[in-house]
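Secondary and tertiary structure notes
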Amino acid sequence: MTSFEPYRKMFDLSAKTALIAGGVGGIGSAISESLAAFGARVVLTGLPSQADDCQKKADEIQAAGGDAHAERLEVTDVPALGGFMQRFKKSYGAPHILVNCVGIHKEAPALEYTEEDWDRIFDVNLKGAFFLSQAVARVQVAENVQGKHIHISSVRSLLAIQRGYISYCSSKGGMNLMIKQLATEWAKHGITVNGIAPTFTRTELVRKYLEDPAFYNPLVARIPLGRVCEPQDVAALATYLAAPAADFITGQIIFADGGLTAVQ
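This one's a predicted model, so the numbers in the text were calculated from it and none came from an experiment. Here, residues in each chain are numbered from 1, in the same order as that chain's written sequence. Thresholds applied to this predicted model are a pLDDT of at least 70 for local features of residues and 80 or more for the giving and counting of side-chain atom pairs; totals over whole chains, interfaces and linings are not thresholded and use all residues. The side-chain figures draw on all heavy atoms in the structure; neither hydrogens nor water molecules are used.

**Considering helix α6 (residues 166-186)**
Operational definition: Labels follow the DSSP assignment, with helices taken as runs of H or I lasting at least four residues and strands as runs of E lasting at least two, numbered in each case from the N terminus. Expected span, for any helix, means 1.5 Å times one less than how many residues it has. Three labels apply to residues, based on accessible area from a 1.4 Å probe with only protein chains included: buried if under 20% of the type maximum, exposed if over 50%, partly exposed otherwise in between. Contacts: residue pairs with any heavy atoms within 4.5 Å of one another.
Its 21 residues place the ends of α6 30 Å apart at the C-alpha level, agreeing with the 30 Å of an ideal helix rising 1.5 Å per residue. Three or more residues of α6 are buried, namely S167, Y168, C169, S171, K172, M175, N176, M178, I179, L182, A183 and W186. Check the buried side of α6 and you find it contacts β4 (97-100), α5 (115-142), β5 (148-152), β6 (192-198) and β7 (253-256).

**A look at the packing of aromatic side chains**
We count it as follows: Centres within 6.5 Å make a pair out of two Phe, Tyr or Trp rings, where for Trp the six-membered ring is used; the pair is then stacked when the planes are under 30 degrees apart, edge-to-face when over 60, and tilted otherwise.
For the coordinates displayed, the defined rule picks out 10 aromatic pairs. Judged by centre distance (6.2 Å) and plane angle (45°), the rings of F84 and F88 are tilted. Taken together, the residues span about one helical turn, with F84 and F88 both in helix α4 (residues 78-92) at a distance of 4 residues. Residue F84 is classed as buried on the basis of its relative accessible area, which comes to 6%. Of the residues examined, F88 reaches a relative accessible area of 2% and is grouped as buried. Grouping aromatic residues by their ring pairs yields a cluster made of Y165, Y168, F200, Y209 and F215.

**Re the side chain of N100**
Put simply, the rule reads: Pairing of N or O atoms within 3.5 Å defines a polar contact, subject to two protein rules: one partner must be a possible hydrogen donor and the other a possible acceptor, and residues neighboring in sequence count only if both atoms are side-chain atoms.
Mapped onto the elements, N100 comes out in strand β4. Owing to a relative accessible area of 2%, N100 belongs among the buried residues under this scheme. Among the polar contacts made by the side chain of N100, one reaches the main-chain amide nitrogen of V102 at a distance of 3.1 Å. Polar side-chain contacts of N100 include one of 3.0 Å to the side chain of H151. In contact with N100, other than residues within four places in its own chain, are A21, A129, L132, I150, H151, I152 and M175.

**Some thoughts on the sheet that holds β4**
Note the following rule: Between any two strands, at least two bridges found by DSSP are needed for them to pair. Here, axes are lines fitted to C-alpha atoms. For helices the fit covers the stretch in contact, and angles between N-to-C directions go from 0 to 180 degrees.
Taken in spatial order, the 7 strands make up an open sheet running β3-β2-β1-β4-β5-β6-β7, and their pairing is parallel. Both outer strands of the open sheet, β3 (67-72) and β7, are each paired with one neighbouring strand and no more. If you compare each strand with its neighbour and ignore which way they point, the axes differ by 20° on average. Lying on the sheet, helix α3 (residues 51-63) is in contact with β2 (41-46) and β3; it crosses β3 at an angle near 175°. Those strands touched by α4 are β1 (17-21), β2 and β3, and its axis lies near 145° from that of β1.

Below, the structure written as structure tokens:
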């Protein structure tokens with residue numbers, strides 16, 4: 001007799017705990033809401049300066065019927081990540097899902113780019129991504145948790161741009177290969193590692209670009225679907241990758257780009 005229940009369970013995140021680094025940003029907020037909507041307990045993090053915003057978002061999710069909590073986390077403080085994860089485990093148990101939405105950008109021509117800015121972007125976008133994943137995976141392996149790691153990459157990890165994006169493109173390109181390497185090494189532990197690479201997404205990080213017609217109009221003209229990415233587009237993919245439906249998916253970079261990379 002046919003039953004739909006196994007298919008419904010493929011997207012059931014109840015009894016799962018998700019750590020969402022950068023959970024208060026435009027993309028992170030949408031992912032936090034989406035995972036909570038499918039039953040996950042979400043722990044969204046931000047910098048100490050974002051503590052109030054994190055708590056506000058957690059309260060909003062709670063008010064909507066979800067299970068959400070706020071914590072402070074600085075991914076560039078590598079020595080502190082182990083201690084953070086031990087406190088996390090004590091409060092919430094070992095995380096089943098990691099979503100890394102942390103990322104920054106500094107635009108400047110390559111001929112003028114400074115070492116200080118290069119190091120800062122790489123410390124957050126690539127170094128922070130790896131050591132955060134490592135800290136989470138160590139807890140998952142020790143607790144025998146078959147986890148899901150999801151990193152937010154960018155279409156600029158594959159495509160260059162005629163602007164001063166040297167550190168951003170390079171760090172996200174490195175992230176893509178990091179994802180594949182971690183997926184390969186951690187498969188034996190039942191941990192999957194994947195990335196989502198959106199085109200320009202309507203968030204505060206790129207607001208000034210999307211409000212510039214000279215930038216926005218040519219951008220949208222190159223995207224077959226005729227629009228930029230919305231945070232909900234990324235959240236939908238993150239929910240899929242976090243769910244049992246994606247148990248056989250690892251080492252992949254999924255481009256949420258409206259077909260941009262298909263024609264470039």
